[in-house]
Amino acid sequence: LDYPERDAVMLHVFTGTGDLLYGKLMPEGPVNVQISPDSRYISYASAENTYLLNASTGDILFTWERKGGSDPSFTRNSRYLCLPAVGGGAIYDCETGETVLELPSSPYPPFTYGGKFHIDLSASNDLSVIAGVIIDRINDDCISYYHDIYLNNSLLSSAEITVYRSQEVSPNAHFIDRQHYS
């Protein structure tokens, strides 16, 4: 990434041999950039929006307004983009751009500086299992984390965890909870 201007950022994409494929001037600075497992897509998350790009051409396919979408992740089949965000996460279909599932911050209150919001989401290829992490930022000195498990689009559990850990879900819907329970 190159920052030639304050408001825009040049995204450089390279081939597997290190040759420059293209440079794309993006309208906002990134929070996180991810390449899909099949290398077809690039998700480019900024503070205000998340963009889905065609990885071969740099064309912007879809733009979603998601504030604070810090760590988007693709399902392993690259069909869906899981986007944690302020006010609740969402999962999008990469082919159509449609919202497949909204995960509101419920059972948590709406976001304020002292509110709760998703910082991490991952899902199985068929979306039958979704794991997420909610952060509760009371203030800079008091932050709590909650591990959420959704089965078939319903919140199964939300348990406070002592240390933040990203929770992984396999393509066939197996998951490991890496939290150390006593």
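Residues numbered from 1 in each chain as written. Predicted model: local features only at pLDDT ≥ 70, side-chain atom pairs only at ≥ 80, totals over all residues. Heavy atoms only, no water.

**Q** Help me understand the pattern of salt bridges in this model?
**A** Working definition: two side chains of opposite charge can pair if their charged atoms are close together. With the rule as written, the count across this model stands at 2 salt bridges. Note that Arg40 is salt-bridged to Glu95, the shortest N-O span being 2.6 Å. With Arg40 in the loop between strand S3 (30–35) and strand S4 (41–46) and Glu95 in the loop between strand S9 (88–93) and strand S10 (99–104), this residue pair connects regions lying 55 residues apart in the sequence. Given the relative accessible area of 42%, Arg40 is considered partly exposed. On the accessibility criterion, Glu95 (48% relative accessible area) is partly exposed. Across the pair Asp93 and Arg79 runs a salt bridge, and its minimum N-O distance is 3.7 Å. Linking Asp93 in strand S9 with Arg79 in the loop between strand S7 (73–74) and strand S8 (80–83), this pair joins segments that are 14 residues apart in sequence. (Salt bridge = Lys/Arg side-chain N within 4 Å of Asp/Glu carboxyl O. Helix = DSSP H or I, 4+ residues; strand = E, 2+ residues; numbered from the N terminus. Buried < 20%, exposed > 50% of the residue type's maximum accessible area, 1.4 Å probe, protein only.)

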